[in-house]
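Commentary on secondary and tertiary structure
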Amino acid sequence: MEVAPFPFAHELTPGESYAPLQFRISPEVNQQFLFALEDYRQEYLGTHERPAIVHPVLLLHMSARTRSPSFRLAPGIGSVFARDVVEFSRHALVDEPLTVCWTILDVYERRGRLYQALDTVVINDEGQQVLRREAHSVFFTDSGVLPTKPVSGRTP
Amino acid sequence: MTGPSNQAPVFEIGRIVVGRTLKLTMARTLAFSGGALDEPGWPQQNLHTSRDKALEAGLDAIIASGTQSEGLLIGLLIDTFGDRWHRAGTLEVRFLKPVRVGDSVRPGLRWSNRVDGLDSPRWVADVWCENGAGVRVVEGTASCIAPEDSLA
């Protein structure tokens, strides 16, 4: 049986989700981001007594919806962040298993553009919340034509 | 920035605190948006790493990820709030303009309110990032519980 492809990002409706992602941040990737930001605090490098903590921006980076295995953009459509509300709840440690889940909160139009609001939660292996964010993204096209607003109840 | 400032943060409504400037060079942008260095085919091709992808998306140049500027802002907030930021920090930002690779970004904040809670007060600030021309590319608000050593 042929498996239907995941819907395009702009087709999702409120209540639908992107596929969750499980990940771990290695010390090397953490340090790569320290270079990207020129931010070499000891807490991100760790010591013999204390494991390194993940730079918070890496949690944002990994919880962007583009990281979801089901995220895909339609040809000719781009999308960037417009607004982001983040609440940090606890450290994440390097090499700690983490999971990120995304649920569409809202789809709306503003100034002729299509926006998508997403509830995003990152949890650790014990189910504890590491961060929660509400991210709003705008879709744009190279032709300037607005992607069609999705219709609720569409079967993915 | 190589680490937090040794100077104790001053919490005072109206006071402005600015962070250090970072040039978002191609190397730093690739490190941020190119994927893990040991990934096959590194860097990932996207509008933060590839001119072709940027043009394909309707942009006229490669732009740095907005999250990279947000990361600089978070650095300033951790300088200010210390470890508490990781457990009680909240940040709301709007991305106003893209930052082209090679441009600089500097974060800043201005204390706007103090909300007294059961234990420690929560300080609220207007926050922003400016590009090299002094134009705001990110702005919003942040809040966190003040660190113990800042309380009178």
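Everything numeric in this text was worked out from a predicted model, so none of it was measured.

**Brief notes about helix H1 (residues 27-37) of chain A**
Looking only at H1(A), the buried set comprises A:Val29, A:Asn30, A:Gln32, A:Phe33, A:Leu34, A:Ala36 and A:Leu37. Summarising the contacts, the buried residues of H1(A) are in contact with helix H2 (42-45) and helix H3 (56-62) of chain A together with strand S2 (22-23), helix H1 (26-33) and helix H3 (66-81) of chain B. At the exit of H1(A) stands A:Glu38, carrying a positive phi of roughly 50°.

**A few points about empty space enclosed by the protein**
If you walk through the whole model with that rule in mind, you get one cavity of 30 Å³ or more. The volume enclosed by the largest cavity comes to roughly 40 Å³. Around the largest cavity, the lining residues are A:Ile53, A:Val54, A:Pro56, A:Leu59, A:Phe88, A:Arg90, A:His91, A:Ala92 and B:His86. A per-class count over the lining of the largest cavity returns six nonpolar, two polar and one charged.

**Thoughts on H1(B)**
One turn of the α-helix equals 3.6 residues, which is why residues spaced by three or four share an orientation. Across the eight residues of H1(B), six count as buried, placing the element largely inside the fold. Those residues of H1(B) that sit buried are B:Arg28, B:Thr29, B:Leu30, B:Ala31, B:Phe32 and B:Ser33. Those residues of H1(B) that are buried lie in contact with H1 and H3 of chain A together with S2, strand S3 (63-64) and H3 of chain B. Immediately beyond the C-terminal end of H1(B), within one or two residues, lies B:Gly35, with a positive phi of roughly 90°.

**Observations concerning the interface of chain B and chain A**
You'll often see interface size given as the accessible area lost when the parts meet. Residue-level contacts link 40 residues of chain B with 32 residues of chain A. When chain B packs against chain A, close to 3100 Å² is buried across both sides, 56% of that on carbon and sulfur atoms. Summed over the three residues of chain B that lose the most area to chain A, namely B:Arg28, B:Phe32 and B:His86, the buried surface amounts to 20% of that side. Between the two partners, chain B and chain A, sit four salt bridges. The salt bridge partner of A:Glu38 is B:Arg20, with a shortest N-O separation of 3.2 Å. Looking at the side of chain B that touches chain A residue by residue, the classes come out as 19 nonpolar, twelve polar and nine charged. The sheet contact formed by strand S2 (residues 77-88) of chain A and strand S4 (residues 90-95) of chain B spans five bridges and is antiparallel. Within the sheet, the bridge partner assigned to A:Val85 lies in S4(B) and is B:Glu92.

**Concerning the environment of A:Leu118**
Residues and elements named next belong to chain A. By the secondary structure assignment, Leu118 is in strand S4 (residues 113-124). The class for Leu118 is buried, based on a relative accessible area of 3%. For Leu118 and Arg24, which are 94 residues apart along the polypeptide, the C-alpha to C-alpha distance reads 22 Å. Setting aside anything within four residues of it in sequence, one finds Leu118 in contact with Tyr18, Arg65, Trp102, Thr103, Ile104, Leu105, Arg133, Glu134 and Ala135.

**A look at the nonpolar core**
In terms of nonpolar packing, the biggest core is built from 74 residues, with B:Leu77, B:Trp85 and B:Leu91 touching the most fellow members. Considering every element that reaches this core, the biggest residue donor is H3(B), with seven residues. Ignoring sequence-local partners within four residues, the contact set of B:Trp85 consists of A:Phe88, B:Ile74, B:Leu77, B:Ile78, B:Thr90, B:Leu91, B:Ala142, B:Ser143 and B:Cys144.

**Brief notes about the pattern of salt bridges**
Under the defined criterion, the tally for this structure stands at 15 salt bridges over all chains. Here A:Arg41 ties to B:Asp79 by a salt bridge, and the two come within 2.7 Å at their closest N and O atoms. With one member in each of two chains, A:Arg41 in the loop between H1 and H2 and B:Asp79 in helix H3 form a pair that bridges those chains. Overall, the relative accessible area of 2% leaves A:Arg41 in the buried class. Two residues, B:Arg114 and B:Asp116, come together in a salt bridge whose shortest N-O distance is 2.8 Å. Classification of B:Asp116 by relative accessible area gives exposed; the value is 56%. Through salt bridges that share partners, A:Glu38, B:Arg20 and B:Arg28 make up one connected network.

**Let's talk about the packing of aromatic side chains**
Centre-to-centre distance and the angle between the planes together describe a pair of aromatic rings. Evaluation of the coordinates by the stated rule reveals eleven aromatic pairs over all chains. Taking the centre distance of 5.7 Å and the plane angle of 50° together, the rings of A:Tyr18 and A:Phe71 count as tilted. A residue pair is termed long-range when its members are at least 10 positions apart, and A:Tyr18 in strand S1 (residues 17-23) and A:Phe71 in the loop between H3 and S2 qualify at 53 residues. In terms of burial, A:Tyr18 and A:Phe71 fall into one category: buried. For the ring pair B:Phe81 and B:Trp111, a centre distance of 5.6 Å and an interplane angle of 85° mean the geometry is edge-to-face.

Cut-off values and rules
- Residues numbered from 1 in each chain as written.
- Chains lettered and ligands numbered in written order.
- Predicted model: local features only at pLDDT ≥ 70, side-chain atom pairs only at ≥ 80, totals over all residues.
- Heavy atoms only, no water.
- Buried < 20%, exposed > 50% of the residue type's maximum accessible area, 1.4 Å probe, protein only.
- Helix = DSSP H or I, 4+ residues; strand = E, 2+ residues; numbered from the N terminus.
- Contact = heavy atoms within 4.5 Å.
- 1 Å grid on protein atoms, 1.4 Å probe; cavity = no way out; pocket = protein on both sides within 12 Å on 5 of 7 lines; lining within 4 Å.
- Points joined across faces, edges and corners; volume = space filled by probe spheres on them.
- Nonpolar A, V, L, I, M, F, W, Y, C, P; charged D, E, K, R; others polar.
- Buried area = accessible area lost by both parts, 1.4 Å probe.
- Salt bridge = Lys/Arg side-chain N within 4 Å of Asp/Glu carboxyl O.
- Pairing = 2+ DSSP bridges.
- Core = buried A, V, L, I, M, F, W, Y, C linked by side-chain atoms within 4.5 Å.
- Phe/Tyr/Trp six-rings, centres within 6.5 Å; stacked < 30°, edge-to-face > 60°.

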